[in-house]
Amino acid sequence: MKLLGLILLLQVVALMVVARVIFQDPVVAFQKEILGSKFAITMDEWLEQEAAVSWDCIRRNINPPGTIRGFVAASPSKFGPDYFYTWTRDAGLVMRVVVSRYDDGNEEVKRLLHDYVAQEIYHQDGSGYEGSWGRPQNDGPAIRVTTLLLLAKKSSPRYVEGTLRPAILRDLDYIARVWEEPCFDLWEEVCGVHFYTLMVMRRAMVDGAEFAREFGDHKRASHYAQTADSILSRLDTFWSSSSNYLSVTQDHCDNVWKHSGLDTAVILAVNHAGMKPYTAGSDKLLATAHRLESAFENLYPINDLHPADLGTAIGRYPEDSYDGYASGSYGNPWFLTTAAMAELYYRAVHEWEQDKNTLITVNDINSGFFARLFETSEDKVKGLSFRYGTKAFETLVDTMTTRADRFMATVQYHQHDNGSLSEQFNRWTGFEQGARDLTWSYASFISAADARAGQPLP
Ligand SMILES: *[C@@H]1O[C@H](CO)[C@@H](O)[C@H](O)[C@H]1NC(C)=O
């Protein structure tokens, strides 16, 4: 009898093992079936995996076969659409990520950076691309010089003096001269004075003033510092208390116009160049993030079709009609803007955690954001406060991080199975479209992942 019992027991155990293999953990099985195998890994695992893919793809797009050294392709796509160009903005943003990966002695990364610098100096007059997009785009030199200034901090005095300094001063002097003039925006469509462009210019002027002071050029240092102050005064005029968000453009020079004034460019501005009072955790940015998410939530059908644990797919601006191939169609959510929204949340958390005096109070400006965050009404959150070190603060940090992770999960859900990120994903079907392997998509992903790890790009 004892033997029979043992055999029975063994059979039951064997059956359980077989059952486990066949049926698996029901949640994992569901994820595999319904969501595809990519969802069967944790967020941390996926982030690590995707960061490696992104870094690989960035390097693949720098100096691809048949190009000169220092060429940063916006995408390897040569037709439908043709993005096989170096854009000053895209290259500068991508190289900001590369600089963050540059340590002493890393010769491969050093070569990428020095080739980029040589190439940009050669084209510093803004030439190099002769396509149909609007010119000038004065955010380009500001982004480039910010990246060069970051590189200067990690470079030998000889390289700084001989190579970087002249290029840096040329960009800084240019910005100080033209900052008030209308130009084309970062999407290369609208002519006017833009929040994004002013933000990256201000950052360049502040960092540039410090750089000039360090090598004893006090005249330039004070000129840059004054320009930074003037830019800040102008930035303040982009806030509208009646609409309760930061609008994107003023002083339009032609009839290209966004009636909403809403644009994720405002979020990107803070991720790329945030400085007090325009930081990720500031009331005005949170208010703007809330309005943007509301707009996209209703605009893209995939936001209704998504599993509940995904965040809202975010596009550039509600009126967008560029589908990745042509304008006059339907705009879609983008990977880089969806990752940018996540990054804003991670940066806000980082900012609050850095300062032991943090006290966030829910007020008339930010209440829409906090109502969304805690899935309740504005009345219920108004007057709440979160002081550093309290239980409430911990809850805030956890909720913000979970929400940010959901935006990242949206990126994961719509990416190519092999981890590739294109420019856009279709608003109805969710499939990738537009330029494949967009270098800026990868830079934006890495930038968000670094912010999540508590190390936002400087
Ligand atoms: C993934 O596959 C696509 C299409 O086959 C290809 O264009 C892309 O380069 C691949 N990406 C990676 C990271 O291998």
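Residues numbered from 1 in each chain as written. Predicted model: local features only at pLDDT ≥ 70, side-chain atom pairs only at ≥ 80, totals over all residues. Heavy atoms only, no water.

Rules: UniProt positions are given in the numbering used here, feature names are shortened, and annotations may be inferred rather than shown by experiment.
The protein chain goes by glucan 1,4-alpha-glucosidase in an unreviewed UniProt entry, where it is assigned to Lichtheimia corymbifera JMRC:FSU:9682. Under the UniProt heading Sequence similarities (unreviewed entry), the entry covering the protein chain gives this text: "Belongs to the glycosyl hydrolase 15 family."

**Quick look at the site of the ligand**
Keep this limit in mind: We call a residue near a molecule or strand as soon as one heavy atom of that residue lies within 4 Å of the molecule or strand. Counting of polar contacts relies on pairs of N or O atoms within 3.5 Å, with two restrictions inside protein: one atom must be capable of donating a hydrogen and the other of accepting it, and residues adjacent in sequence are counted only when both atoms are side-chain atoms. Using the Shrake-Rupley algorithm and a 1.4 Å probe, accessible areas are obtained, with residue cover drawn only from the displayed protein chains. In the scheme used here, Gly and all other residues not listed as nonpolar or charged are polar, with Ala, Val, Leu, Ile, Met, Phe, Trp, Tyr, Cys and Pro taken as nonpolar and Asp, Glu, Lys and Arg as charged.
Val53, Cys57, Arg60, His416, Asn418, Ser420, Arg436 and Asp437 make up every residue found near the ligand. The side chain of Ser420 places a nitrogen or oxygen atom 2.7 Å from a nitrogen atom of the ligand. Side-chain polar atom of Asp437 to an oxygen atom of the ligand: 3.1 Å apart, as the coordinates give it. Protein chains shield 59% of the accessible area of the ligand, which is 360 Å² for the free molecule. Considering only residue class, the shell around the ligand consists of 2 nonpolar, 3 polar and 3 charged.

**Some details on the state of the cysteines**
Simply put, disulfide is the name for a covalent bond between the sulfur atoms of two cysteines. The following threshold applies: By convention in this document, the label disulfide applies to cysteine sulfur atom pairs within 2.5 Å. Runs of H or I in DSSP of at least four residues are treated as helices and runs of E of at least two as strands, each being numbered from the N terminus. Think of it in three bands: with a 1.4 Å probe and only protein chains considered, a residue is buried below 20% of the maximum accessible area for its type, exposed above 50%, and partly exposed in between.
All told, the structure shown has 1 disulfide when counted by the stated rule. Sulfur-sulfur distance for the disulfide between Cys191 and Cys253 comes to 2.0 Å. Its S-S torsion of approximately -85 degrees makes the covalent link between Cys191 and Cys253 left-handed. You can see Cys191 sitting in strand S2 (residues 191–194) and its partner Cys253 sitting in the loop between strand S5 (249–250) and helix H10 (265–273), a full 62 residues away along the chain. Its relative accessible area of 11% is what places Cys191 among the buried residues.

**Comments concerning the sheet that holds S5**
Rule in force here: Any two strands between which DSSP finds at least two bridges are classified as paired. In what follows, residue pairs with any heavy atoms lying within 4.5 Å of each other are defined as contacts. Here an angle of 0 to 180 degrees is reported between the N-to-C directions of two axes, which are lines fitted to C-alpha atoms, with helices fitted over the stretch in contact.
With respect to topology, 3 strands assemble into an open sheet ordered S1-S2-S5, the strand pairing being antiparallel. The sheet is open, and its two borders are formed by strand S1 (183–184) and S5, each paired with just one other strand. Relative to S2, S1 runs antiparallel, the two sharing 2 bridges. Within the sheet, the bridge partner assigned to Cys183 lies in S2 and is Gly192. In the packing of helix H8 (residues 195–214) onto the sheet, the strands contacted are S1 and S2, and the crossing angle to S2 comes to about 50 degrees.

**Focus: helix H5 (residues 107–122)**
Note the threshold: To estimate the expected span of a helix, count its residues, drop one, and scale the result by 1.5 Å.
The end-to-end C-alpha separation of H5 is 22 Å, in line with the 22 Å expected for 16 residues at 1.5 Å each. Every buried residue of H5 is accounted for by Val109, Leu112, Leu113, Asp115, Tyr116, Val117, Gln119 and Glu120. Where H5 is buried, its residues touch helix H3 (43–61), helix H4 (88–100), helix H6 (139–153) and helix H7 (157–178).

**Re the nonpolar core**
The line we're drawing: The set of buried Ala, Val, Leu, Ile, Met, Phe, Trp, Tyr and Cys residues whose side-chain atoms join them within 4.5 Å is what this entry labels a nonpolar core.
If you look at the biggest cluster of nonpolar residues, it comprises 133 residues, and the most contacted ones within it are Phe370 and Met408. When residues of this core are assigned to their parent elements, the largest contribution, 12 residues, is made by helix H13 (residues 335–354). Those residues in contact with Phe370 that sit more than four places away from it in its chain are Leu286, Trp352, Ile360, Val362, Val381, Phe386 and Leu396.

**Section: the pattern of salt bridges**
The line we're drawing: Salt-bridge detection follows one rule: a side-chain nitrogen of Lys or Arg within 4 Å of a carboxyl oxygen of Asp or Glu.
One pass over the full model with this rule turns up 27 salt bridges. One salt bridge in this structure joins Asp171 and Arg144, with 2.8 Å as the shortest N-O distance. Of this pair, Asp171 sits in helix H7 while Arg144 sits in helix H6; the two residues are 27 residues apart in sequence, bridging distant segments of the chain. Residue Asp171 shares its accessibility class with Arg144, and that shared class is buried. Here Arg452 ties to Asp405 by a salt bridge, and the two come within 2.8 Å at their closest N and O atoms.

**Remarks on H6**
Compared with the 21 Å implied by 1.5 Å per residue over 15 residues, the 22 Å span of H6 between its first and last C-alpha is a close match. The buried fraction of H6 is high, at 14 of 15 residues.

**A closer look at the side chain of Ser75**
Mapping Ser75 onto the fold places it in the loop between H3 and H4. Within the structure, the side chain of Ser75 is placed 2.7 Å from the backbone oxygen of Arg436, a separation counted as a polar contact.

**Points about the packing of aromatic side chains**
Under the convention used in this document: In summary, the pairing rule links any two rings of Phe, Tyr or Trp, Trp by its six-membered ring, whose centres are within 6.5 Å, and it sorts them by plane angle into stacked for under 30 degrees, edge-to-face for over 60 and tilted for everything else.
On inspection of all chains with the given rule, the structure shows 18 aromatic pairs. With a centroid separation of 5.9 Å and 25 degrees between ring planes, the pair formed by Phe370 and Phe386 is classed as stacked. Placement of the pair is Phe370 in helix H14 (residues 367–373) and Phe386 in strand S7 (residues 385–387), with a sequence separation of 16 residues. Within the aromatic cluster, the residues linked to one another by ring pairs are Tyr345, Phe369, Phe370, Phe374, Phe386 and Phe407.

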